[in-house]
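Observations on the three-dimensional arrangement
Listed below are the residues making up each chain.
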Amino acid sequence: MDATADFAAVFHTRARHHRSIRRYRPDPVPEYVLRRVLETGIRASSAGNMQAYSIVVTREPARRQDLLAPHFGQRMVVEAPVLLTFCSDFHRMRRWVALSEAPDSFGDAFAFLVGAIDAVIVAQNVALAAEAEGYGICYLGTTLASCRDIGRLLGLPRNVVPVTGLVMGVPDEEPPLRDRLPYEALVHHETYDDPDDDALLALYREREQAGWARYLADPELRRTVEAAGVRNLAQLYTTVKYTRELHRRVTGALLDYLREQDFLPEP
Ligand SMILES: Cc1cc2nc3c(=O)[nH]c(=O)nc-3n(C[C@H](O)[C@H](O)[C@H](O)COP(=O)(O)O)c2cc1C
């Protein structure tokens, strides 16, 4: 019992210490450590235990250089020694189904999402395992945004689509903990508790102050904010970071790629 409590205390402390790391030392991640991290990662729960995902490990500097542009030039892709790409993968399962003379049900969007959820759950297990080893990680949302280019560079067959990525390496920074919305904003008891407008704005107040101050403190981000003429954090989100145009473009590209990868049957 005491050992359980000790483990829980250490685990909670470590997990609550999480921060995304974007600057890395060139030190390599030993193969046995990466293997241990990935083996822990793949113990994650999986829908129907189909394990409809694959993880592509990219260590080769030249290949990471090729992946830099699809990852929108994020330097950590080439500076961290390990890049992991987590893919929704029904290719393997469908081949097994065909070889076993079983009917195939998996060429659709539901299958893509089942595999994507598996992939993301494994990614977070890997992230926690890597952090437990003292390494830093950062997710790469650009994996989904550039799924077709990344899929091509990684040689993914049909029915495999990259959904998220992680870089991993020895941290070369110790950024402050990022804010989170209050517990009450995120956790509902029994039924959904939709706050009125004032209560909702109050839930975002701390985020607004912390997030806005962070942008203004960084000279480059401040210039972006001033150039865009935005006055608050919500405006920054939807006029600079996550514009409607970006969302439309990425959604269109994603749907095209899902069709190409046989995850969207013709109607
Ligand atoms: C799915 C996902 C995609 C992300 N993509 C990126 C990314 O492309 N670049 C980046 O610098 N951070 C990325 N992040 C990290 C978030 O910005 C970060 O988790 C958030 O700001 C909270 O900060 P923290 O992780 O340090 O607590 C991503 C996080 C998630 C979960």
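Residues numbered from 1 in each chain as written. Predicted model: local features only at pLDDT ≥ 70, side-chain atom pairs only at ≥ 80, totals over all residues. Heavy atoms only, no water.

**Some thoughts on the pairing of strand β3 (residues 136-140)**
Filter applied, for reference: The classification of residues rests on relative accessible area computed with a 1.4 Å probe and restricted to protein chains. Under 20% of the type maximum is buried, over 50% is exposed, and intermediate values are partly exposed. Each helix is a run of DSSP H or I of at least 4 residues and each strand a run of E of at least 2, with the numbering of both proceeding from the N terminus. Pairs of strands are assigned from DSSP output, requiring at least two bridges between the strands.
Judged by how many residues are buried, β3 sits mostly within the fold: four of five residues are covered. In this structure, β3 lies alongside strand β4 (residues 160-169), joined through five bridges in antiparallel fashion. When the sheet's bridge partners are listed, C138 is paired in β4 with V167.

**Focus: the packing of aromatic side chains**
Threshold: Any pair of Phe, Tyr and Trp rings, taking the six-membered ring for Trp, is counted once the centres come within 6.5 Å. Such a pair is stacked with planes under 30 degrees apart, edge-to-face with planes over 60 apart, and tilted for the rest. In this scheme, Lys NZ or Arg CZ marks a charge over a ring once it lies within 6 Å of the ring centre and within 35 degrees of the ring normal.
Applying the stated criterion across every chain, the model contains four aromatic pairs. Arranged with centres 6.1 Å apart and planes meeting at 15°, the rings of Y237 and Y242 form a pair that is stacked. When the ring centre of Y215 is taken as origin, the NZ or CZ atom of R214, which lies over that ring, is 5.5 Å away.

**Let's talk about the side chain of T85**
Note the cut-off: Only heavy atoms enter the contact rule, under which two residues are in contact if any of them lie within 4.5 Å.
Relative to the assigned elements, T85 resides in strand β2 (residues 82-89). Residue T85 is classed as buried on the basis of its relative accessible area of 1%. Ignoring anything within four residues of it in the chain, the contact list for T85 reads S54, I55, V56, T143, I150, L154, P162, T164 and G165.

**Some details on helix α6 (residues 109-132)**
For clarity, the cut-off: For a helix, the expected span equals 1.5 Å multiplied by the number of residues minus one.
Here α6 is 24 residues long and its end C-alpha atoms lie 34 Å apart, about the 34 Å a rise of 1.5 Å per residue gives. Note on α6: the residue one or two positions beyond its end, G134, has a positive phi of about 90°.

**As for the environment of P162**
By the element assignment, P162 lies in strand β4. On the basis of relative accessibility, which here comes to 0%, the residue P162 falls in the buried class. As a C-alpha pair, P162 and L38 span 124 residues in sequence and 17 Å in three-dimensional space. In contact with P162, other than residues within four places in its own chain, are T85, F86, C87, T143, L144, C147, I150, G151, L156 and Y257.

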